[in-house]
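# Structural description and commentary
Each chain, letter by letter, is given below.
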Amino acid sequence: MYDYGLRELFLEGFKELTVKLYQLERLIEDQIPALASHFAAERIEVHMFASQWFLTLYSSKFPLYTVYRILDLFLCEGQEVMFQVGLALLKMAKPCLLALSFEKILTYFRVKLPKMYYNEEETDRLIQLALSSKVTQRKLKKFEKDYKTKMEAEASAMDPVDRLRTTNRDLRSTIRRLEQENDILAHELVTSKVSLRTEMDELEKQVDKLSQQNQKLTEECRNLKEQQAVFEVKHEQSVIDAHRRAAEVVDKLSRTCLLQNDKGRNGHHQRERSSSDISSDSSTRQGQCIHCHTLEAELARTRAEAEKLSGTVDGSHQTPNPAQTNGTTPESSST
């Protein structure tokens, strides 16, 4: 509204709107003199039909398609479009208006004129005619200056007391309007401050909450790292103990196998022993074999445990030896 000068149209007294209507009246006299003479004869004043056009940018009665086209031009070209469209409407309706009287002219503007533009072709013609209407800022400025001169002449012709009363009334009206605007701005300022304070409080609460969450997560991360370090130490110690037990079992099994081999060779030279000695020797060997198998099974379990622990540390799984899977070792097989 500020950039396109629309706000001034609605200020108290509608002074800017009155200037615009005077400018349109002068444009009608310049470009459509026959219609201007007919309006004067029928006592039709411009504000009777054009006030609504300017205040609503032609959106109150005309179809949406026509309004969209007018708004597009207004946003591109500025205030001149309001006068160009008004002149185009009057030029297209000129034959009908010249044949009508006062009341019928007003009815035509209110009812029949908007209905003409439900046809999009008529709207296109209107826009083309509006663009061809010559309205310049220089001419509008001249008409505005003429209006102010006319108003000053009328004011100077008034009685001094009446003129001062009018001026005083206008100044008081201006003061009331400014006070109202000041109250509105003050209310908006207070409301904005309260709203900003509320938003800041909410943001501060969120910051505190996020800080607490961050501190909690940092503490949990530190505890997890400590637990991981303790677990790694225990895991390494378990692997070392498993390897040590496996070495002990291997050493014991090797000594047992060597002892059995020595006794086997000695038994080859003692075949003449008595049946009771042979039976006793057989029982002894059976006991030794059972003990050997027990050691082999313990060795297999120890190696499997060591390999499992080593695989956990290295992140890989090794395929177990078939001889170990069956509970035997290469040494026992050879034995």
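Numbering of residues starts from 1 in each chain and follows the order in which that chain's sequence is written. The predicted nature of this model means local features are confined to residues of pLDDT at least 70 and side-chain atom pairs, given and counted, to a pLDDT of 80 or more, with totals for whole chains, interfaces and linings taken over all residues. To obtain the side-chain values, all non-hydrogen atoms of the structure were included, while hydrogens and water were left out.

By the criteria applied, helices consist of DSSP H or I runs no shorter than four residues and strands consist of E runs no shorter than two, each listed in order from the N terminus. Check the secondary structure of the chain and you find 12 helices and 0 strands. Along its sequence from the N terminus, the chain presents helices and strands in the succession α-α-α-α-α-α-α-α-α-α-α-α. Relative accessibility under 20% of the residue-type maximum defines a buried residue, over 50% an exposed one, and the middle range a partly exposed one, all with a 1.4 Å probe and only protein chains included. A total of 335 residues make up the chain; the buried ones form 27% of that total. In the chain, the share of contacts with a sequence separation of at least 24, taken over all contacts with a separation of at least 6, comes to 78%. Carbon and sulfur atoms make up 54% of the accessible area of the chain, which amounts to about 23100 Å² in all. Working rule for contacts: check all heavy atoms of both residues, and any pair within 4.5 Å makes them a contact. Only the protein chains shown count as covering a residue, and every accessible area follows the Shrake-Rupley method with a 1.4 Å probe.

Here the focus is the packing of aromatic side chains. In this analysis, rings of Phe, Tyr and Trp, with Trp reduced to its six-membered ring, are considered paired at centre separations within 6.5 Å, and the interplanar angle assigns stacked below 30 degrees, edge-to-face beyond 60, and tilted for intermediate values. What the rule picks out here adds up to 11 aromatic pairs. Taking 5.4 Å as the distance between ring centres and 65 degrees as the angle between the ring planes, the aromatic pair formed by Phe49 and Trp53 counts as edge-to-face. Of this pair, Phe49 and Trp53 both sit in helix 3 (residues 47-56), 4 residues apart, roughly one helical turn. Their ring planes at 75 degrees and their centres at 6.5 Å tell us that Tyr108 and Phe109 sit as a pair that is edge-to-face.

Looking now at the confidence of the model for the chain. Summarising the model, the chain shows a mean pLDDT of 80, and 81% of its residues fall at 70 or more. When the criterion is pLDDT under 50, residues 316-335 qualifies, and its contacts beyond four places in sequence or with other chains add up to 19 contacts. Per-residue confidence from the prediction method is given by pLDDT, with values spanning 0 to 100.

Phi is positive for Leu57, close to 55 degrees, though the residue is something other than glycine. Tracing the backbone through its elements, the reader meets Leu57 in the loop between helix 3 and helix 4 (64-77). Classification of Leu57 as buried rests on a relative accessible area of 11%. For Tyr58, which is not glycine, the phi dihedral falls at a positive 65 degrees.

Moving on to helix 2 (residues 33-41). Among the residues of helix 2, those classed as buried are Leu35, Ala36, His38 and Phe39. The buried residues of helix 2 occupy an angular sector of 160 degrees when the element is viewed end-on, so they sit on one face. Facing away from the buried side of helix 2 by more than 90 degrees, the exposed set consists of Ala40 and Ala41. Considering only its buried residues, helix 2 is in contact with helix 1 (15-31), helix 3, helix 5 (80-97) and helix 6 (102-115). Trailing helix 2 by a residue or two, Arg43 shows a phi angle of about 60 degrees, which is positive. What the arc covers is the set of directions going from the helix axis to the C-beta atoms.

Further remarks concern the nonpolar core. Think of a nonpolar core as a cluster: buried Ala, Val, Leu, Ile, Met, Phe, Trp, Tyr and Cys residues, connected wherever their side-chain atoms sit within 4.5 Å. In this structure, Phe39, Phe49, Trp53, Phe54, Leu90, Leu97 and Phe109 are the most contacted members of the largest nonpolar core, which totals 46 residues. Mapped onto this core, the elements with two or more residues apiece are helix 1, helix 2, helix 3, helix 4, helix 5, helix 6, helix 7 (120-132) and helix 8 (137-157). Ignoring any residue separated from it by four or fewer positions in sequence, one finds Leu90 in contact with Ile28, Ile32, Leu35, Phe39, Phe49, Trp53, Leu97 and Phe109.

So, on to the environment of Tyr118. Here Tyr118 is to be found in the loop between helix 6 and helix 7. Given a relative accessible area of 58%, Tyr118 falls into the exposed group. The spacing of Tyr118 and Pro63 is 55 residues in sequence and 6.1 Å in space, taken between C-alpha atoms.

With that out of the way, let us pick up the packing of helix 4 against helix 7. In this analysis an axis means a line fitted to C-alpha atoms, helices contributing only their contacting stretch, and an angle means the value between N-to-C directions, from 0 to 180 degrees. Taken N-terminus to C-terminus, the directions of helix 4 and helix 7 make an angle of 20 degrees; their axes are 10 Å apart at the nearest point. As far as their axial angle goes, helix 7 and helix 4 are roughly parallel. Considering only the axes of helix 4 and helix 7, their crossing is right-handed. Side by side, helix 4 and helix 7 meet where Tyr65, Thr66, Arg69, Ile70 and Leu73 of the first sit next to Glu120, Thr123, Asp124, Leu126, Ile127 and Leu131 of the second. Lys, Arg, Asp and Glu make up the charged group, whereas Ala, Val, Leu, Ile, Met, Phe, Trp, Tyr, Cys and Pro make up the nonpolar group; the residues left over, Gly among them, are polar. Across the contact of helix 4 with helix 7, the residue classes break down as 6 nonpolar, 2 polar and 3 charged. Note that the term roughly parallel is reserved for angles under 35 degrees, roughly antiparallel for angles over 145, roughly perpendicular for angles of 65 to 115, and oblique for everything else. For any pair of crossing helices, the crossing counts as left-handed if the nearer helix is rotated counterclockwise from the farther one by less than a right angle, and right-handed if it is rotated clockwise.

This paragraph deals with the pattern of salt bridges. Salt bridge criterion: a side-chain nitrogen from Lys or Arg within 4 Å of a carboxyl oxygen from Asp or Glu. Scanning all chains against the criterion turns up 13 salt bridges. Ionic pairing is found between Glu204 and Arg197, a salt bridge with its closest N-O pair at 3.6 Å.

It is worth spelling out the side chain of Thr66 at this point. Residue placement: Thr66 occurs in helix 4. A distance of 2.8 Å separates a polar atom in the side chain of Thr66 from a polar atom in the side chain of Thr123. We define a polar contact as two N or O atoms separated by no more than 3.5 Å, with the added condition that, inside protein, one atom must be a possible hydrogen donor and the other a possible acceptor, whereas residues neighbouring each other in sequence contribute only through side-chain atom pairs.

Take the environment of Leu73 next. With respect to the helices and strands, the residue Leu73 is situated in helix 4. Once the C-alpha coordinates of Leu73 and Leu131 are considered, the two residues, 58 residues apart in sequence, prove to be 9.1 Å apart. Residues within four places of Leu73 in sequence aside, it is in contact with Gly78, Val81, Ile127 and Leu131.

Okay, the side chain of Ser133 next. Among the structural elements, Ser133 can be located in the loop between helix 7 and helix 8. For Ser133, a relative accessible area of 2% corresponds to the buried category. Within the structure, the side chain of Ser133 is placed 3.0 Å from the backbone oxygen of Leu129, a separation counted as a polar contact. Those residues in contact with Ser133, other than ones at most four positions away along the chain, are Gln31, Gln84, Leu87 and Lys91.

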